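Residues per chain, in single letters:
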Amino acid sequence: MKKILALLLALVMAIGLCACGGGETAPAEETETPAAETGTEVASADDIPDTMTSEDGKYEVAFVTDVGQLKDKSFNQGTYDGVKLYAAANDLSYKYYQPANGDQATDDDRYEAMKAAVDGGAKVVVCAGFLQEAALTQAAIDFPETQFIFVDGYPVNGADGQPLTNVAGIAFQEEQPGYFAGYAAVMDGYTKLGFCGGGGGTNPACCRYGYGFIQGANAAAAEKDVQVEVNYSWQYGASFSASPELQTMATGWYEAGTEVIFACGGSMFQSIASAASASDGAVIGVDVDQSTESDTVITSAMKGLSDAVQWALAKAYDGSFSEIGGVGTSLGVAQNAVGLPTETWSLETFTVEEYEALYQKIADGTLVVDADFNNLEQEYSNLTLNII
């Protein structure tokens, strides 16, 4: 499983019927589904321009960004990479739309971005982030012929209380890669850890990442019979943006002894990596492999954003969108959809073989990572949690 995030999602139909659940995910069920045929082969999303000019002025596949920058080297960029790769491989026009007012975008701003996408010819609109829910619900009602892919999302209901079948909710079991990251860090010798999360503690995906991180760190500490300490904070992360305040806080942590910080929140990574670089500290990236962004990164807790988007878009174009529309798709270890980047990590003592053995325990059900982040504040056997 050295290629953890290979495009195996085409083999998966992970269906769990649930109404709008604030980001709660349902257990995945596997079914075998053939991969969609593609046209032009593209080596990397970086080789595809972010903007293109369509001959007829229409753009078939649209992406509506979450808060933060499009090129955040994390959630937005990873999701848009999937849009670009699928569109380029299938000779489709594509365009991204950023809601007005940036980090202060309202539901109306998000709706207007979705409406602009539909008016611009979009047959499929990919929307990133759980904050899209209210706007996406209205857009899906107003434009029933358009198919919406809700990344880090879940089913949404119409006025009749029934799930809208033109919305596919795609979520991830972030507690699993979070667990891997915490476990790997402690097994590699780190005992003073930090977690800086985005969304102000209201983003379910980041909450699952953080809770998994704590569980993994505690499990590894118990195995090694050591005690670890974790600073845990949602401060300065509400907008997922880099900021001087966040960098100052991270610098203070490093100077006080924190050895590695899990930077869990889009462009927040930039502030934390800068603090780590100045303080000889280490960073754990999130969502995508961020090792190329800073030599302070020891590993990244990843989810297959690009692969999942390509898989869902293939459903929209091969006539099988009804299999994922109106239901929740939850992707994790069972679908090879989350993991750590073994080929690029800079862990020194935790081995790939040990990681693969841990991965297999979750895959076969021997180890179950708790996804209910409401259980975060509990007593841990080998971990002291400092919520800041």
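Refer to the structure above for everything that follows.
As a starting point, this report considers the structure included with it. (Residues numbered from 1 in each chain as written. Predicted model: local features only at pLDDT ≥ 70, side-chain atom pairs only at ≥ 80, totals over all residues. Heavy atoms only, no water.)

**Considering the nonpolar core**
Counting residues in hydrophobic clusters, the biggest one holds 87 residues, and the most contacted among them are I149, L193, I214 and F262. At 10 residues, the largest contribution of residues to this core is made by helix α5 (residues 204-224). Not counting chain neighbours up to four residues away, the residues in contact with I149 comprise V124, V125, V126, C127, A168, I170, A312, L313 and F321. In terms of nonpolar packing, the next biggest core, distinct from the first, is built from 23 residues, A62, M114, F148 and Y154 among them. (Core = buried A, V, L, I, M, F, W, Y, C linked by side-chain atoms within 4.5 Å. Buried < 20%, exposed > 50% of the residue type's maximum accessible area, 1.4 Å probe, protein only. Helix = DSSP H or I, 4+ residues; strand = E, 2+ residues; numbered from the N terminus. Contact = heavy atoms within 4.5 Å.)

**What to know about the packing of helix α4 (residues 175-187) against α5**
Helix packing geometry: the angle between the two helix axes and the distance between the axes. One way to put it is that α4 packs onto α5 with a least axis distance of 6 Å and a crossing angle of 35°. Once α4 is placed against α5, the crossing between them reads as right-handed. Of the residues in α5, those in contact with E175, P177, G178, Y179, A181, G182, Y183, V186 and M187 of α4 are R208, Y209, G212, F213, Q215, G216, A217, A219, A220, A221, E223 and K224. Here the contact of α4 with α5 is built from residues that sort into 12 nonpolar, 5 polar and 4 charged. (Axes fitted to C-alpha atoms, helices over the stretch in contact; angles between N-to-C directions. Left-handed = near helix turned anticlockwise from the far one by under 90°. Nonpolar A, V, L, I, M, F, W, Y, C, P; charged D, E, K, R; others polar.)

**A few points about the pairing of strand β11 (residues 328-331)**
Here is the key point about a regular strand: its side chains alternate between the two faces of the sheet. Burial along β11 is two-sided: the face carrying G328 and S330 and the face carrying T329 and L331 are both buried. Of the strand pairs in this sheet, strand β5 (residues 167-172) and β11 are connected by 4 bridges, and their pairing is parallel. Bridge assignment links I170 to a residue of β11, and that residue is T329. (Pairing = 2+ DSSP bridges.)

**Some words on unusual backbone geometry**
Residues other than glycine predominantly adopt negative phi, and peptide bonds predominantly adopt the trans conformation. One non-glycine residue, D280, lies in positive phi territory at about 60°. A residue is classified by how much of its surface remains accessible, and D280, at 75% relative accessible area, is exposed. Phi at D287 takes a positive value of approximately 75°, unusual for a residue other than glycine. If you trace the backbone, D287 turns up in strand β9 (residues 282-287). By relative accessible area, which is 6% here, D287 ends up buried.

**Quick notes on the pattern of salt bridges**
Two side chains with opposite charge may pair up if their charged atoms get near one another. As enumerated under the stated definition, the model contains 11 salt bridges in all. The partner of K115 in a salt bridge is D119, with the nearest N and O atoms 2.8 Å apart. Of this pair, K115 and D119 both sit in helix α2 (residues 107-119), 4 residues apart, which is roughly one turn of that helix. You can call K115 partly exposed: its relative accessible area is 29%. Residue E323 is joined to K315 by a salt bridge in which the shortest nitrogen-to-oxygen separation is 2.7 Å. E323 sits in the partly exposed class, given a relative accessible area of 34%. Sharing partners across several salt bridges, the network here consists of D152, E174, R208, D287 and K303. (Salt bridge = Lys/Arg side-chain N within 4 Å of Asp/Glu carboxyl O.)

**Considering the sheet that holds β5**
Taking strand neighbours across the sheet as the criterion, the 6 strands line up as β2-β1-β3-β4-β5-β11 in an open arrangement whose pairing is parallel. Two strands close off the open sheet at either side, each with one partner strand: β2 (94-97) and β11. Here the strands of the sheet are splayed against their neighbours by 20° on average, with no regard to which way each runs. The sheet strands contacting helix α1 (residues 75-89) are β1 (61-64), β2, β3 (124-128) and β4 (147-151), and the helix crosses β2 at an angle near 160°.

**Quick notes on the packing of α1 against helix α8 (residues 305-317)**
At their nearest, the axes of α1 and α8 sit 7 Å apart, and the two run at 40° to each other. One finds that α1 runs oblique with respect to α8. The way α1 lies across α8 gives a crossing that is right-handed. Taken together, the residues of α8 that come into contact with α1 (itself represented by F75, G78, T79, D81, G82, V83, L85 and Y86) are L305, S306, V309, Q310, L313, A314 and Y317. (Parallel < 35°, antiparallel > 145°, perpendicular 65-115°, else oblique.)

**A word on the packing of aromatic side chains**
Applying the stated criterion to the full structure yields 19 aromatic pairs. With centroids separated by 5.3 Å and ring planes inclined at 80°, the aromatic side chains of F180 and Y355 adopt a geometry described as edge-to-face. With F180 in helix α4 and Y355 in helix α9 (residues 352-363), this pair connects stretches of sequence that are 175 residues apart. By relative accessible area, which is 1% here, F180 ends up buried. Pairwise contacts between aromatic rings join Y179, F180, Y183, W345, F350, Y355 and Y359 into one cluster. (Phe/Tyr/Trp six-rings, centres within 6.5 Å; stacked < 30°, edge-to-face > 60°.)

**Remarks on the pairing of β4**
Extensive coverage of β4 is indicated by the burial of 4 of its 5 residues. Two elements, β3 and β4, share 5 bridges in a ladder whose sense is parallel. Residue V125 lies in a different strand from β4, and its bridge partner there is F148. As for the winding sense of the linkage, the β-α-β connection from β3 through helix α3 (residues 133-142) to β4 is right-handed. (Right-handed = clockwise from strand over helix to strand, strands pointing away.)

**Considerations on the side chain of T296**
Among the structural elements, T296 can be located in the loop between β9 and β10 (297-303). The class for T296 is buried, based on a relative accessible area of 6%. Of note is the side chain of T296, whose polar atom sits 2.7 Å from the side chain of S294. (Polar contact = N/O pair within 3.5 Å; in protein donor to acceptor, adjacent residues only side chain to side chain.)

**Focus on empty space enclosed by the protein**
Inspection of the entire model under this criterion finds 3 cavities of 30 Å³ or more. Of the volumes computed, that of the largest cavity is approximately 140 Å³. In this structure, the largest cavity is lined by 18 residues; those nearest its centre are D66, F75, F240, G266 and D287. Those elements that place two or more of their residues in the lining of the largest cavity are α5 and β9. With 3 residues, α5 is the largest single contributor of residues to the lining of the largest cavity. (1 Å grid on protein atoms, 1.4 Å probe; cavity = no way out; pocket = protein on both sides within 12 Å on 5 of 7 lines; lining within 4 Å. Points joined across faces, edges and corners; volume = space filled by probe spheres on them.)

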